[in-house]
Amino acid sequence: MFPGMERFTGSFTQQEPIPEAGIAAAMDILRHGRLHRYNTAPDEIAQTALLEQEFAAFTGARYCLAVASGGYAMATALRALQVGPGEAVLTNAFTLAPVPGAIASIGARPVFIETTPDLTIDFAHLESMALSTGARVLMLSHMRGHLCDMDRLMALCDRLGVKVIEDCAHTMGAAWNGVPSGRHGVIGCYSTQTYKHMNSGEGGLLVTDDADLAARSVLLSGSYMLYPRHRAAPPPEVFEGLRLDIPNISGRMDNLRAAILRPQIALLPDRAARWLALYRAVEQGLEQTNGLRLIPRPDAEQFVPSSFQFTLPGWEPARVAALIARCAARGVELKWFGAPDPVAFTSRYDHWHYAAPRPLPQTDAVLAGLIDMRLPLTFTPADAAMIARIIRAEVLSLRQGEISPVAALPLGD
Ligand SMILES: *Cc1c(COP(=O)(O)O)cnc(C)c1O
């Protein structure tokens, strides 16, 4: 590093604190001790039931269930759709490990679909794999917040007779053509893990308009015979024919987490606007950088970018690794989806051996040059602009010339 070179000192993993209203509500719960969602005083409505009601209203869904994690919500959605052992479930090749993990957790078989250069699912490959496997469910992962053309996707899946579960871990509050993410398919699944749009440490939410799927999900989550205490679930008669046939696979959310989350729903629009400002600052700073490709965002897509992606088309691995190392030395933490081995949270489809993945050349070509960066809300737009300047300078200097012999290993988090 040369003297006078900019160095960023912020933390890429530091989220905002829990709002004071959430802290106060959590303290109340700790003081009275009724953490379990079905442990309520007479006339008390559990925080978890209130959260479900409020999140249903936020998304416009008829029903909502709060659970222990996003991965649990996805597995529950598959079980509610009665996906069985050995059954093929279509899913994005570009996604995070909990997505194929949820499919494998019920003994089903993930079938990975190719990724376009714009990081969304490839429709032609989706159609051919749906036809060749006979799969009846697509677990659609809006990975890193990139929405495919949801109108075309739903038309294609309707034509193929494929039901869509949406993995909205990165699209809470996002929309396609005004329709909220999670409301296109039969079920939408969300995560409230610390790195997502609302933070309760761990947690998940599931929304649907389908009364049968909602009742099955509630029973699966471990409602015993206490489902009438829910406020965003179908009426008891829907449960009548199901309650003795559905196993209890405990994965409920507790009142402490729900209390922390409830005040965060109202903050989502403001958070979305601040994330977009950070995203646009990075994007603007990286425009017209030779050798670096930005991901186009369609007008129909209203996105909530808690992270930023770009690709380095045609770069050889050593040069990408050198870029990661040089940016890290200047305080900018990048992740690389082309690394030969999984690092921290970053792994890719061919690392998931249990799913017996077939090679996907188009996805391989995209992931080989795909760089990913978190954008926590503790950053300011000025921080984002500085980060972009650092990346741009290192890309331009590395694009030509010798790769410096410094140890060039990608850093995880
Ligand atoms: C985080 C995440 C999930 C699941 O979240 P958990 O709550 O950690 O189980 C699902 N899909 C994607 C793409 C994610 O990033």
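Please read these numbers as outputs of a predicted model, since none were measured by experiment.

Draft legend 1. Region of interest: the overall build of the protein. In terms of regular secondary structure, the protein is built from 13 helices and 14 strands. At 22 Å, the protein has a C-alpha radius of gyration in line with the 22 Å of a compact globule built from 413 residues. Each principal axis of the C-alpha distribution contributes one length, and for the protein these read about 70 × 55 × 35 Å. Counting only residues that meet the buried cut, the protein has 55% of its 413 residues in that class. If you take every contact in the protein between residues at least 6 apart in sequence, the share linking residues at least 24 apart comes to 73%. Element-wise, carbon and sulfur atoms account for 55% of the exposed surface of the protein, whose accessible area totals about 16,700 Å². Across the protein, the 36 positively charged side chains and the 41 negatively charged ones have centroids separated by 2 Å.

Draft legend 2. Structural view of the sheet that holds strand 12 (residues 307–311). A sheet is described by the order of its strands in space; here four strands give the open sequence 10-12-14-13, paired in antiparallel fashion. Either end of the sheet is taken by a strand with one partner, and the two such strands are strand 10 (293–294) and strand 13 (335–336). As judged from the two bridges shared by strand 13 and strand 14 (residues 370–374), these two strands associate in the antiparallel manner. Each residue of the ladder has a partner; that of Trp336, found in strand 14, is Ile371. Each of strand 10, strand 12 and strand 14 is contacted by helix 10 (residues 268–286), which is oriented at about 20° to strand 12, the strand it contacts most.

Draft legend 3. Seen up close, the site of the ligand. Near the ligand, the surroundings consist of 16 residues, among which Gly70, Gly71, His170, Ser191 and Lys196 are the closest. Contact between the ligand and Asp167: a nitrogen atom at 2.8 Å from a side-chain N or O atom of the residue. Protein chains bury 93% of the 380 Å² of accessible surface belonging to the ligand in isolation. When residues of the shell around the ligand are traced back to their parent elements, those giving at least two are helix 3 (70–80) and helix 4 (98–105). In terms of residue class, the shell around the ligand is made up of six nonpolar, eight polar and two charged.

Draft legend 4. Molecular detail of the packing of helix 2 (residues 47–59) against helix 9 (residues 255–265). One can describe the packing of helix 2 onto helix 9 by two numbers: an axis separation of 8 Å at closest approach and a directional angle of 30°. Judged on the interaxial angle alone, helix 9 and helix 2 are roughly parallel. Note on packing geometry: the crossing formed by helix 2 with helix 9 is left-handed. Residue-level inspection shows Gln47, Thr48, Leu50, Leu51, Glu54, Phe55 and Phe58 of helix 2 in contact with helix 9, the latter providing Asn255, Ala258, Ala259, Leu261, Arg262 and Ile265. A class-by-class count of the residues in the contact of helix 2 with helix 9 yields eight nonpolar, three polar and two charged.

Draft legend 5. Molecular detail of the sheet that holds strand 6 (residues 175–176). Sheet architecture is open: three strands sit in the order 7-6-11, paired in antiparallel fashion. Two strands lie at the open edges of the sheet, namely strand 7 (179–180) and strand 11 (301–302), each paired on one side alone. With two bridges connecting them, strand 6 and strand 11 associate as antiparallel partners. Residue pairing in the sheet places Trp176 in a bridge with Glu301 of strand 11.

Draft legend 6. Region of interest: the domain arrangement of the protein. Split into domains, the protein comes out as domain 1 (20–265) and domain 2 (268–408). Between the C-alpha centres of domain 1 and domain 2 the distance comes to 28 Å. Counting residues at the interface gives 39 residues for domain 1 and 35 residues for domain 2. Counting each side, the surface lost to burial between domain 1 and domain 2 is near 3,100 Å², with a carbon and sulfur contribution of 59%. In terms of surface lost to domain 2, no three residues of domain 1 exceed Glu114, Arg144 and His197, which account for 19% of the buried area on that side. The salt bridge partner of Asp118 is Arg293, with a shortest N-O separation of 2.6 Å.

Draft legend 7. Expanded view of unusual backbone geometry. Phi at Asp43 is positive, roughly 70°, even though this residue is not glycine. Along the polypeptide, Asp43 turns up in the loop between helix 1 (20–32) and helix 2. Using a relative accessible area of 84% as the deciding quantity, one classes Asp43 as exposed.

Draft legend 8. Examining the pairing of strand 4 (residues 137–141) more closely. Of all five residues in strand 4, five are buried, a share of seventy percent or more. Of the two faces of strand 4, the one lined by Val137, Met139 and Ser141 and the one lined by Leu138 and Leu140 are each fully buried. Note: strand 2 (residues 88–92) against strand 4, two bridges, orientation parallel. Along strand 4, the bridge assignment pairs Leu90 with Leu138. In terms of handedness, the path from strand 4 via helix 6 (residues 150–160) over to strand 5 (residues 163–167) forms a crossover that is right-handed.

Draft legend 9. Expanded view of the pairing of strand 5. Taken across its five residues, strand 5 has four buried, putting it largely inside the fold. Sheet topology places strand 4 next to strand 5; five bridges connect them, and they run parallel. Each bridged residue has a counterpart across the sheet, and for Leu140 the counterpart in strand 5 is Glu166. By the bridge criterion, three bridges tie strand 5 to strand 8 (residues 187–191) in an arrangement that is parallel.

Draft legend 10. Up close: the nonpolar core. Counting residues in each nonpolar core, the largest one holds 62 residues, and the members touching the most others are Leu138, Leu153, Val332, Met373 and Ile391. The residues that make up this core include at least three from each of domain 1 (20–265) and domain 2 (268–408). The contact partners of Leu153, leaving out residues within four places of it in the chain, are Ile121, Phe123, Leu126, Leu138, Leu140, Cys148 and Val164. Judged by nonpolar contacts, the second largest core, of 33 residues, contains Ala77, Val89, Met139 and Cys189.

How each quantity is defined
Residues numbered from 1 in each chain as written. Predicted model: local features only at pLDDT ≥ 70, side-chain atom pairs only at ≥ 80, totals over all residues. Heavy atoms only, no water. Helix = DSSP H or I, 4+ residues; strand = E, 2+ residues; numbered from the N terminus. Rg over C-alpha atoms; globule rule 2.2 N^0.38 Å. Buried < 20%, exposed > 50% of the residue type's maximum accessible area, 1.4 Å probe, protein only. Contact = heavy atoms within 4.5 Å. Areas by Shrake-Rupley, 256 points an atom, 1.4 Å probe, with all protein chains shown as cover. Lys, Arg positive; Asp, Glu negative; His and termini not counted. Charge placed at Lys NZ, Arg CZ, Asp CG, Glu CD. Pairing = 2+ DSSP bridges. Axes fitted to C-alpha atoms, helices over the stretch in contact; angles between N-to-C directions. Near = heavy atom within 4 Å. Polar contact = N/O pair within 3.5 Å; in protein donor to acceptor, adjacent residues only side chain to side chain. Nonpolar A, V, L, I, M, F, W, Y, C, P; charged D, E, K, R; others polar. Parallel < 35°, antiparallel > 145°, perpendicular 65-115°, else oblique. Left-handed = near helix turned anticlockwise from the far one by under 90°. Domains from an automatic or database assignment. Buried area = accessible area lost by both parts, 1.4 Å probe. Salt bridge = Lys/Arg side-chain N within 4 Å of Asp/Glu carboxyl O. Right-handed = clockwise from strand over helix to strand, strands pointing away. Core = buried A, V, L, I, M, F, W, Y, C linked by side-chain atoms within 4.5 Å.

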